[in-house]
Amino acid sequence: MKKNKVAAAAAKIKETFKYFDYRIFIVYLLLMTIGVIAVYSASSEILLINGFKATVYGQKQLIYAFFGVVICLACYSINLDYLRRGKRLLWLVIAVWILLIYVIIFGQAVNGAKGWIDIGPVNIQPLELAKLVLILYLARMLSKADGYLVHGKIISRLLPSALIAGFTMFWVMIEPDFGGTAILFCLVLIMYSVSGIPTGYALLSLIGITILVVGGFSLIVAWNPSFLQDVYVYKRFIAFLHPFKTAANEGAQLVNSYYAIHNGGLFGLGLGSSIQKRGYLPEPYTDFILSIITEEVGSLGALVVLGLLFYLMILIMERGVKAQSQYSTLICFGVTAIIFFQTLFNVGAVLGLMPITGVTLPFISYGGSSLWVLSAAVGLVLNVTAEERIRQEARVADEY
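Now for a look at the structure at hand. (Residues numbered from 1 in each chain as written. Predicted model: local features only at pLDDT ≥ 70, side-chain atom pairs only at ≥ 80, totals over all residues. Heavy atoms only, no water.)

## Regarding a nonpolar patch on the surface
Thinking step 1. A surface patch of nonpolar side chains, amounting to about 630 Å² of accessible area, comprises Leu 159, Leu 163, Phe 167, Phe 170, Met 173, Ile 174 and Phe 178.
Thinking step 2. The leading source of residues in the nonpolar patch is helix 6 (residues 154-173), at 5 residues.
Thinking step 3. Tracing the chain through its elements places Met 173 in helix 6.
Thinking step 4. Classification of Met 173 as partly exposed rests on a relative accessible area of 35%. (Patch = residues over 30% accessible without salt bridge, like charges linked within 9 Å, V, L, I, M, F, W, Y side chains within 5 Å. Areas by Shrake-Rupley, 256 points an atom, 1.4 Å probe, with all protein chains shown as cover. Salt bridge = Lys/Arg side-chain N within 4 Å of Asp/Glu carboxyl O. Helix = DSSP H or I, 4+ residues; strand = E, 2+ residues; numbered from the N terminus. Buried < 20%, exposed > 50% of the residue type's maximum accessible area, 1.4 Å probe, protein only.)

Laid out in structure tokens, this is it:
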């Protein structure tokens, strides 16, 4: 009897993972493993200096990674029809809005922004949840509008989803979290472009907004108003323009990031041998962890990490291109957009090519919220990929 139960359970597991995309999953696991090692190395010195055990953050990141895998597999196993229901998605959007508003009203400001809700030992960042919920909502709404996005009907078809996306970005912007707002905007733009909207509309929107943003910042910098001098976000922008002039305060992260990258050279000082993590580079295990990776394993080592991230993006995007379902395509491109723009904003800040926005490096930087949401996103990609393979297998069977 027990043998029959074990055999039945084994057969069920085998059937569940018959269509599992192991390539995506292995790259995902590799990135998280690198993240755990990097967080331990980047945080150990500063923890010892402050009288804590060197392994505290490394152990926490390992726990976050473990639960990330659980979340990933749970999202792979869930019935996607459950997530396609419009009313359920709308309730999810409203729940995210409530969390964002709660953070704005009751959250404590960290580095000039209110972005976290403390739940015991874990800090939840509603922005991360907003990314995933927005992907699910837009994938549902835009796939439903597939074939109807023609001249004369585009505005009426896209207006409901545009309002939902707009309000979500608004709540994030007034935290204020401009990096998060920019990522949400880029995510929406990519998903709209993939949905079948005429290319001219997407390009005009992108060009128009770019002109507004660049022009707006240029005017503010030229004006340099006195009432903005003590605003944290503005000081970070000035630090981006003049890092060495502001090295004693807001420019410290960027200047020490330059030192770390310079110290690392091509091959690095050796794992665990970073100088800048010893109290020079503030919070080296979060959004500037790539600087420490570069210092310890060199530019070549950092390129391997970025290469794995881009390989994961290529795999996910490839699945989206090959998908027969518009819903599957939108999910894959939405997840790729999150990983790509988070990587772009993080690397841009580390190299001094973009203002520092506090955006973490996907799967690598310390923290639970981002890692868990990205794990859920990878799980959804694995789910839609499996669904596509089942659909393709059934189509081939019908032909014969």
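Now that the structure has been shown, the text picks up again.
## Quick notes on the nonpolar core
Thinking step 1. In terms of nonpolar packing, the biggest core is built from 101 residues, with Ile 331, Ile 339 and Phe 363 touching the most fellow members.
Thinking step 2. With residues up to four places along the chain from it excluded, the contact list for Ile 339 reads Leu 309, Leu 312, Met 313, Ile 316, Pro 362, Phe 363 and Leu 374. (Core = buried A, V, L, I, M, F, W, Y, C linked by side-chain atoms within 4.5 Å. Contact = heavy atoms within 4.5 Å.)

## Section: the packing of aromatic side chains
Thinking step 1. All told, the structure shown has 15 aromatic pairs when counted by the stated rule.
Thinking step 2. Centre to centre, the rings of Tyr 64 and Tyr 366 are 5.9 Å apart; their planes meet at 55°, and the pair counts as tilted. Here Tyr 366 lies in the loop between helix 12 (326-350) and helix 13 (369-399) and Tyr 64 lies in helix 3 (residues 56-77), a separation of 302 residues in the sequence. Neither Tyr 64 nor Tyr 366 differs from the other in exposure class; each is buried.
Thinking step 3. Taken together, a centroid distance of 5.7 Å and an interplanar angle of 55° make the contact between Trp 97 and Phe 167 tilted. Here Trp 97 is found in helix 4 (residues 86-106), whereas its partner Phe 167 is found in helix 6, with 70 residues between them in sequence.
Thinking step 4. On the accessibility criterion, Phe 167 (42% relative accessible area) is partly exposed.
Thinking step 5. Through successive ring pairs, a cluster of aromatic residues spans Phe 20, Tyr 22, Phe 25, Tyr 28, Tyr 76 and Phe 363.
Thinking step 6. Just above the ring of Tyr 327 sits the side chain of Arg 84; from NZ or CZ to the centre is 4.5 Å.
Thinking step 7. Directly above the ring of Tyr 82 sits Arg 88, whose terminal nitrogen or CZ lies 3.9 Å from the centroid. (Phe/Tyr/Trp six-rings, centres within 6.5 Å; stacked < 30°, edge-to-face > 60°. Lys NZ or Arg CZ within 6 Å of the ring centre and 35° of its normal.)

## Let's talk about helix 2 (residues 22-49)
Because an α-helix packs 3.6 residues into every turn, residues spaced three or four apart end up facing the same way.
Thinking step 1. Over its 28 residues, helix 2 runs 41 Å from end to end, which matches the ideal 40 Å to within 8%, given 1.5 Å per residue.
Thinking step 2. Along helix 2, the sharpest kink reaches roughly 35°, centred on Ser 43.
Thinking step 3. Looking one or two residues beyond helix 2, the residue adopting positive phi is Gly 51, at roughly 85°. (Expected span 1.5 Å × (residues − 1). Bend = angle between axes of the 7 residues up to and from the residue.)

## Some points on the pattern of salt bridges
Thinking step 1. On inspection of all chains with the given rule, the structure shows 8 salt bridges.
Thinking step 2. Between Glu 318 and Lys 322 there is a salt bridge whose closest N-O contact spans 3.8 Å. Remark: Lys 322 and Glu 318 occur in helix 11 (residues 289-322); sequence separation between them is 4 residues, near one turn of the helix.
Thinking step 3. Given a relative accessible area of 59%, Lys 322 falls into the exposed group.

In short, the description is geometric, and any link to function would need to be established separately.
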